[in-house]
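# Structure at a glance
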Amino acid sequence: MIRFENVTKVYDQKARPALDSINLEIDRGEFAFLVGASGSGKSTFLRLVLKEDRASSGAVYVAGQNVANISSWRVPRLRRGIGVVFQDFRLLPQKTVFANVAFAMQVIGKSRSVIRDTVPEVLKTVGLEGKENRLPHELSGGEQQRVAIARAVVNRPGILLADEPTGNLDPTTSMGIMGVLDKINQNGTTVVMATHDDDIVNEMRKRVVELKNGVVIRDEAKALYTSMIPVVGQSRRLRDASGRDEQPQVIPPRAGSRAEARAEFRTAGEGQA
Amino acid sequence: MRLAFVLGEIGSGLRRNLSMVISVILVTFVSLTFVGAAGMLQLQINQMKGYWYDKVQVAIFLCSDGSTAPGCATGPATPEQEDNLRTLLKSPAVAQYVNDFQYESKDDAYKHFKEQFSNSPIVDSVTPDQLPASFRINMKDPEKYEIISETFSSQAGVETVIDQRQLLERLFSAMNAASLVAVSIAGVMIICAILLIATTIRLSAFSRRRETGIMRLVGASKMVIQLPFILEGVIAAVIGAALASGTLWAVARFFLEGVLSKQYPDTAFISPGQTLILVPALIGLGVVLAGISSLLTLRRYLRV
């Protein structure tokens, strides 16, 4: 469903590449976690799938199609096949739950009757029946994220990309969200989720792809957040890791190598702050 | 559905950005009023030129009823006198200065008069008999007017020889200068309008970046995302153009027709109806202004 062939993405010629010769394949109907520290290339990976950016070299295939060959006026069609969920929900504050989900159908020209039929069904899938007429600020964080998921899947995309969807939520609520994502995955949608949340990854036991400095350092099925096999000599090479589009999250250090990586990252990030 | 959606977006955009939209309307209104004023001056010049202005330079008016000139002692010009003048015009001494000439009978004169003064009440009180017949001469060199004047003003049956161009030229050059000034002011105002429309669309795109961001993600087409912004600018510009057209019509109706044409009944003024031919041009110009500036702005500020 998603295939990266030797993909390199360079934002700045002088810095190290955000993604460095990535080879990766995610099959139809798979559920994959993308883990790694901030600046490891997770968001760049998702942006390349959406054709928000062009790969500097290599080829990105989505649903069998090389995205580099999709002309700009057909990019909307590519994006209709991909649902996206973010850490900050991105709901429209003045629209109700129903209108927020319906918006995704309106803008691609779905008819009123189709919208009336589909939206309640999707809201039921994410567990929000009876809350159609609430405004986003009247919902809890977990409920808002459910609305965002409903909006992402209402047009039945083949792929769902989630960029730290539980980043703003407490552990219990997060597990509820994971239940929703799992349900969507079982309906046949490929799910790729970038996350920092080790509890969730450990709980779900799905495929884990770990990125570090733009390189895949681990790709395991039914894996945990941290590798069982210690990687020697990796952590000291983090000197120039620059946090680009993700805020550093303060998470109490657990595994030794992660704590070190994080401390180093903060030192590197101070110049930019 | 999609149309209703786009219309709804336009409505909410106009409401949210009301003060900017009003300023766009006013700026396009003022700039297009100046454009229209220049257009009206040109229409007025054409009106005053009448039938002969662009074709001939010199007119030899023949005697008619009530002429008091010395050459008219014998009353209205007779056919013989007219023949004499025609012969004289064809004689080598005169013909070397003349490209060609035309004879305008009283009936022709009446017809042209009615066309030129169609908007003036004077047309009802004039009959063909009151208007002089004339020879209209197209000169090889308009500067040689004096020769024609000397040769013909003393002839029997000639009331007067007039260099019509000279009479009107000074007035027209003043009016052309005025329309040049109007066009220059309009140019500055149009630049103003383009920049203001660009700023308005930029603000509008910024205040709706959440919506457009989501539209992009769920795969809305470029047209659905951009059209509301373009149409917002176009609607504001068209309202401005409509106001400008209304103003020009009001000037023609209440100032030219209501005041000036009563004070100067012997001058041909344009009618309010004639200003309406400027309306499509002004509205078209407004649409083009808004379209161009919004396309340029959206390319920079609304990535799709």
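Residues numbered from 1 in each chain as written. Chains lettered and ligands numbered in written order. Predicted model: local features only at pLDDT ≥ 70, side-chain atom pairs only at ≥ 80, totals over all residues.

### Examining the sheet that holds strand 2 (residues 19-26) of chain A
Rules: For two strands to pair, DSSP has to find at least two bridges joining them. The helix and strand labels rest on DSSP assignments: H or I over at least four residues marks a helix, E over at least two residues marks a strand, and numbering proceeds from the N terminus.
Spatial ordering of the open sheet is given by 2-1-4-5 (chain A), a layout of 4 strands whose pairing is antiparallel. Each edge of the open sheet is held by one strand with a lone partner, namely strand 2 and strand 5 (65-66) of chain A.

### Examining unusual backbone geometry
Residue and element names in this part refer to chain A. Worth spelling out the cut-off: Residue burial here comes from a neighbour count, namely the number of other C-beta atoms, placed from the backbone, that lie within 10 Å of the residue's own C-beta, with 20 or more meaning buried, 12 or fewer meaning exposed, and in between meaning partly exposed.
Its identity is not glycine, yet N6 carries a phi of approximately 55 degrees, on the positive side. If you trace the backbone, N6 turns up in strand 1 (residues 2-9). Given 12 C-beta atoms within 10 Å, N6 falls into the exposed group. Positioned with a positive phi, K51 is a non-glycine residue whose angle comes to about 60 degrees. Mapped onto the elements of the fold, K51 is located in the loop between helix 1 (42-49) and strand 4 (57-62). Assessed through the 19 C-beta atoms surrounding it within 10 Å, K51 is described here as partly exposed.

### Quick look at the nonpolar core
Soluble globular proteins tend to bury their nonpolar side chains together. To keep things clear, this is the line we draw: By convention the nonpolar core is taken to be a set of buried residues drawn from Ala, Val, Leu, Ile, Met, Phe, Trp, Tyr and Cys and joined through C-beta atoms within 7 Å. Domain delimitation follows an automatic or database domain assignment.
In terms of nonpolar packing, the biggest core is built from 137 residues, with L34(A), V49(A), V101(A), A150(A), L160(A), L161(A) and I197(B) touching the most fellow members. A domain-level breakdown of this core finds at least three residues from each of domain 1 (2-49 + 169-301) and domain 2 (58-164) of chain B.

### Quick notes on the packing of helix 7 (residues 164-207) of chain B against helix 9 (residues 222-263) of chain B
Residues and elements named next belong to chain B. The following threshold applies: For helices, the fitted axis covers only the stretch in contact; all axes are lines through C-alpha atoms, and the angles between them, taken along N-to-C directions, range from 0 to 180 degrees. Angles are sorted into four bins: roughly parallel if under 35 degrees, roughly antiparallel if over 145, roughly perpendicular if 65 to 115, and oblique for all others. The hand of a helix crossing depends on one turn: near helix anticlockwise from the far one by less than a right angle means left-handed, and clockwise means right-handed. Remark: residues whose backbone-derived C-beta atoms lie within 7 Å of one another are considered to be in contact.
Across the interface, helix 7 lies against helix 9 with an axial gap of 10 Å and an inter-helix angle of 140 degrees. One way to sum up the angle between helix 7 and helix 9 is to call them oblique. Helix-helix and strand crossings are classified by hand; for helix 7 and helix 9 the assignment is right-handed. Here I197, T200, I201, S204 and A205 of helix 7 lie close against helix 9, whose contacting residues are F229, E232, G233 and A237.

### Brief notes about the pairing of strand 3 (residues 31-35) of chain A
Residues and elements named next belong to chain A. Among the 5 residues in strand 3, 5 count as buried, and that is most of the element. The side-chain alternation of strand 3 yields two buried faces, one formed by F31, F33 and V35 and the other by A32 and L34. Two elements, strand 3 and strand 9 (residues 207-212), share 4 bridges in a ladder whose sense is parallel. Within strand 9, the position partnered with L34 by the bridge is V209.

### Topic: the sheet that holds strand 6 (residues 82-86) of chain A
Residues and elements named next belong to chain A. The 6 strands are arranged 6-7-8-3-9-10 in an open sheet whose pairing can be described as mixed. Lying at the two open borders of the sheet, with one neighbouring strand each, are strand 6 and strand 10 (215-220). Averaged over all neighbouring strand pairs, the angle between strand axes comes to 15 degrees, with direction disregarded. In the sheet, strand 9 pairs with strand 10 via 5 bridges, with the strands oriented antiparallel. Opposite K212, over in strand 10, you have V215 as the bridge partner.

### Brief notes about the confidence of the model for chain B
Short version of the rule: Per residue, pLDDT captures the predictor's confidence, and it can take any value from 0 to 100.
Averaged over all residues, the pLDDT of chain B is 84; the fraction at 70 or higher stands at 97%. ipTM for the predicted complex: 0.75, alongside a pTM of 0.71.

### Structural notes on the domain arrangement of chain B
Residue and element names in this part refer to chain B. Inclusion rule: Polar here means any residue outside two lists: the nonpolar Ala, Val, Leu, Ile, Met, Phe, Trp, Tyr, Cys and Pro, and the charged Asp, Glu, Lys and Arg; Gly therefore counts as polar.
For chain B, the domain assignment lists domain 1 (2-49 + 169-301) and domain 2 (58-164). A C-alpha centroid distance of 47 Å is found between domain 1 and domain 2. Listed by partner, the interface residues are 8 residues for domain 1 and 6 residues for domain 2. Class assignment for the residues of the side of domain 1 that touches domain 2 results in 4 nonpolar, 2 polar and 2 charged.

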